[in-house]
Amino acid sequence: MIAARTAASAAAVANAFAALRNHRDRVEAQNLRGLFAADPQRFARLSLEVDGLTLDYSKNRIDTAALVALLDLARTAGVEEHRAAMFAGEKINVSENRAVLHVALRAEAGESYVVDGKNVVEDVHEVLDAMTAFAEGVRSGAIAGTGGAFTDVVNIGIGGSDLGPAMVTRALSPYHDGPRLHFVSNVDGAHIHDTLAGLNPATTLFLVASKTFTTIETMTNAGTARRWIVDALGEAAVGAHFAAMSTAIAKVKAFGIDDESRIFGFWDWVGGRYSVWSAIGLPVMIAIGGANFRQFLAGAHAMDVHFRDAPLDRNLPVLLGLVGVWNRNVLGFPAKAVLPYDQRLERFAAYLQQLDMESNGKRVTLEGAPVPTATGPLVWGEPGTNGQHAFYQLLHQGTDVIPADFLVAANAHEPDDIHHRLLLANCLAQTEALMRGRTTDEARAELAAEGKSPSEVERLAPHKTFPGNRPTNTILYSRLDPFTLGRLIALYEHQVFVQGSIWGIDSFDQWGVELGKVLAMQILPMIEGTAGAENRDASTAGLIGAIAKLRS
Ligand code: F6P
């Protein structure tokens with residue numbers, strides 16, 4: 001049972017945070033160069049390899065004594081109790097009174113996760129089997145459109161009903177041997193218009209993905225897709241060209257998808273941003289097949305078992321989470337970059353933005369009091385090496401320090417290995433450069449060696465100086481296969497959990513997205529000209545008026 005933080009336990013957590021700040025001065029007295037020079041065992045001490053997945057956190061401004069204090073904070077904050085409560089199916093999403101059991105979605109048959117007295121693993125596997133039958137039918141052509149086997153599948157969803165399947169499908173493109181996949185999310189009509197251009201309605205399947213089946217973007221896009229099918233093929237074709245994934249089965253039927261073999265359910269204990277493992281993963285399964293999808297689940301399951309059972313100081317998500325707390329709360333860095341050296345992880349940062357920022361972008365505790373510390377950072381990023389030629393300048397020489405996670409596979413899928421050797425070299429070069437920097441004396445020496453005059457050396461040296469001492473994690477694995485991707489995503493899910501537990505917040509609600517939705521529905525009639533804007537603020541009313549003048 002998760003205990004509410006009492007005044008006494010909140011004070012204990014505050015003391016554990018204060019103890020961390022005592023370590024800061026010692027660690028900050030040296031820079032990373034100095035820390036590496038002083039301890040040849042630093043990598044061995046501050047990295048962890050588990051079954052071929054390595055987290056190197058040694059290039060952070062941290063030492064073993066600070067790490068011990070961070071582990072103490074985790075224990076004091078009740079991370080272990082909170083973790084046990086999640087795995088036990090307790091309603092740790094307190095503001096929505098829901099269990100949080102995405103771990104049950106990747107449980108093996110025969111395992112038990114209980115919600116309200118019911119083992120949900122049987123239901124999970126029943127849906128997985130139904131998804132597999134449907135996905136394999138689509139892949140083989142046994143389940144076809146009115147014009148024959150499906151050549152194109154369009155997933156219509158947004159947020160967690162889009163980002164997970166879109167990111168995973170792209171990441172696992174070497175395993176993609178099913179029909180082409182497309183993802184439509186934005187309510188901007190350009191998205192569905194551009195996606196449908198060039199598709200053949202008679203061989204296109206639509207998957208409408210929405211946990212609630214009320215999300216305006218998804219319902220609007222689904223309506224447009226339905227009209228596109230009806231206009232081309234007639235009303236009778238709708239059944240053959242649509243399927244849906246949702247927790248709201250009655251709403252799916254009301255929309256007009258009523259063949260139960262085309263409705264794939266999930267449950268309120270699956271958060272949208274944690275749902276790629278559920279029926280929401282159907283497009284992934286259609287792309288890569290049921291066997292590969294189960295490998296993806298198995299990878300996440302392996303990380304769940306590790307997170308649940310490994311001691312805190314040998315626990316990958318715990319260590320990743322604690323380093324993040326150090327950077328955020330002790331060193332005060334407000335952002336974190338995610339830099340995969342893998343083109344196929346080009347949507348990974350966008351996926352982690354929702355996972356991390358929707359989960360931990362909170363300002364009150366589970367008890368509703370203001371959080372006494374900073375919470376989740378701004379998460380952003382792009383794949384290397386592209387980012388190196390764009391925003392890395394700021395990472396190296398800007399006035400803010402942005403900690404970064406670098407992700408890279410030792411092996412590529414492609415046979416032409418020169419690309420991958422260069423990719424690896426670049427990845428390591430960047431973390432080394434961020435750590436070491438270049439002193440002004442080193443810059444002077446290099447300029448002199450290039451034959452520059454003494455005055456040129458002095459003029460240019462400040463520009464060529466890099467402060468270094470910029471923190472990074474490196475996450476290394478053998479190859480980006482379905483199992484490894486499952487492990488990676490689950491690693492980050494549990495990192496978010498660890499941090500949310502330490503901050504004492506509800507990582508599983510998302511009330512912050514509601515207000516804008518409500519106001520949009522109030523403003524819509526003003527855009528349509530059926531209501532006046534007198535009750536809005538002057539800026540909003542002014543813009544509504546300006547839009548009315550511009551709309552033809
Ligand atoms: O943006 C809020 C949100 O509720 C996300 O949490 C969710 O992933 C997304 O909207 C989509 O919701 P649904 O799957 O219910 O359409």
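Everything that follows concerns the structure shown earlier in this document.
Okay, so let's go over this structure. (Residues numbered from 1 in each chain as written. Predicted model: local features only at pLDDT ≥ 70, side-chain atom pairs only at ≥ 80, totals over all residues. Heavy atoms only, no water.)

### Looking at the site of the ligand
Then, number 1: Taken together, 13 residues form the shell around the ligand, and within it Ser161, Ser210, Lys211, Thr212 and Thr215 come nearest.
Then, number 2: One nitrogen or oxygen atom from the side chain of Thr215 is found 2.5 Å from an oxygen atom belonging to the ligand.
Then, number 3: Protein burial of the ligand: of its 390 Å² of free accessible surface, 86% is covered by the chains.
Then, number 4: Across the shell around the ligand, the residue classes tally to two nonpolar, nine polar and two charged. (Near = heavy atom within 4 Å. Polar contact = N/O pair within 3.5 Å; in protein donor to acceptor, adjacent residues only side chain to side chain. Areas by Shrake-Rupley, 256 points an atom, 1.4 Å probe, with all protein chains shown as cover. Nonpolar A, V, L, I, M, F, W, Y, C, P; charged D, E, K, R; others polar.)

### Remarks on the sheet that holds strand β8 (residues 180-184)
Then, number 1: The parallel open sheet is built from five strands, whose spatial order is β8-β7-β9-β10-β11. Edge positions in the sheet fall to β8 and β11 (263-265), since each has one partner strand and no second. On average, each strand axis in the sheet is tilted by 20° relative to the strand beside it, whichever way the strands run.
Then, number 2: One ladder, built from three bridges, connects strand β10 (residues 242-246) with β11; its direction is parallel. (Pairing = 2+ DSSP bridges. Helix = DSSP H or I, 4+ residues; strand = E, 2+ residues; numbered from the N terminus. Axes fitted to C-alpha atoms, helices over the stretch in contact; angles between N-to-C directions.)

### Quick look at a nonpolar patch on the surface
Then, number 1: On the surface, Ile216, Met521 and Leu524 cluster together into a nonpolar patch covering about 260 Å² of accessible area.
Then, number 2: Given a relative accessible area of 44%, Met521 falls into the partly exposed group. (Patch = residues over 30% accessible without salt bridge, like charges linked within 9 Å, V, L, I, M, F, W, Y side chains within 5 Å. Salt bridge = Lys/Arg side-chain N within 4 Å of Asp/Glu carboxyl O. Buried < 20%, exposed > 50% of the residue type's maximum accessible area, 1.4 Å probe, protein only.)

### Regarding the pairing of β8
Regular strands place side chains that alternate from one sheet face to the opposite one.
Then, number 1: Along β8, four of the five residues are buried, which leaves the element largely enclosed by surrounding structure.
Then, number 2: Here strand β7 (residues 152-156) pairs with β8 via five bridges, running parallel. Paired with Asn155 across the two strands is Phe183, which belongs to β8.
Then, number 3: Where the polypeptide runs from β7 across helix α8 (residues 163-171) and back to β8, its parallel neighbour, the crossover connection is right-handed. (Right-handed = clockwise from strand over helix to strand, strands pointing away.)

### Some details on the sheet that holds strand β12 (residues 335-340)
In a beta sheet, neighbouring strands are held together by backbone hydrogen bonds and run either parallel or antiparallel to one another.
Then, number 1: Pairing is mixed across the open sheet formed by six strands, whose spatial order is β1-β2-β15-β14-β12-β13. Strands with a single pairing partner mark the edges of an open sheet, and in this sheet they are β1 (47-50) and β13 (378-380). Between one strand axis and the next, the sheet turns by 15° as a mean value, whatever way the strands run.
Then, number 2: Here strand β2 (residues 53-56) runs beside strand β15 (residues 472-477); their pairing, made up of three bridges, is antiparallel. The residue of β15 that forms the bridge with Leu55 is Ile475.
Then, number 3: Of the strands in this sheet, β12, β13 and β14 (404-409) are in contact with helix α16 (residues 348-360), which crosses β13 at around 160°.
Then, number 4: Set on the sheet, helix α21 (residues 482-503) makes contact with β1, β2, β12, β14 and β15; between it and β15 the angle comes to about 150°. (Contact = heavy atoms within 4.5 Å.)

### Looking at unusual backbone geometry
Then, number 1: Omega for the bond connecting Gly384 with Thr385 falls within 30 degrees of zero, at 10°, which places this linkage in the cis form.
Then, number 2: Along the chain, Thr385 falls in the loop between β13 and α17 (392-397).
Then, number 3: Residue Asn97 is not a glycine yet carries a positive backbone phi of 55°.
Then, number 4: The exposed category is assigned to Asn97, whose relative accessible area is 53%.
Then, number 5: The phi dihedral of Asp116 falls on the positive side, at around 50°, and the residue is not glycine.
Then, number 6: The topology assignment puts Asp116 in the loop between β3 (114-115) and β4 (118-119).

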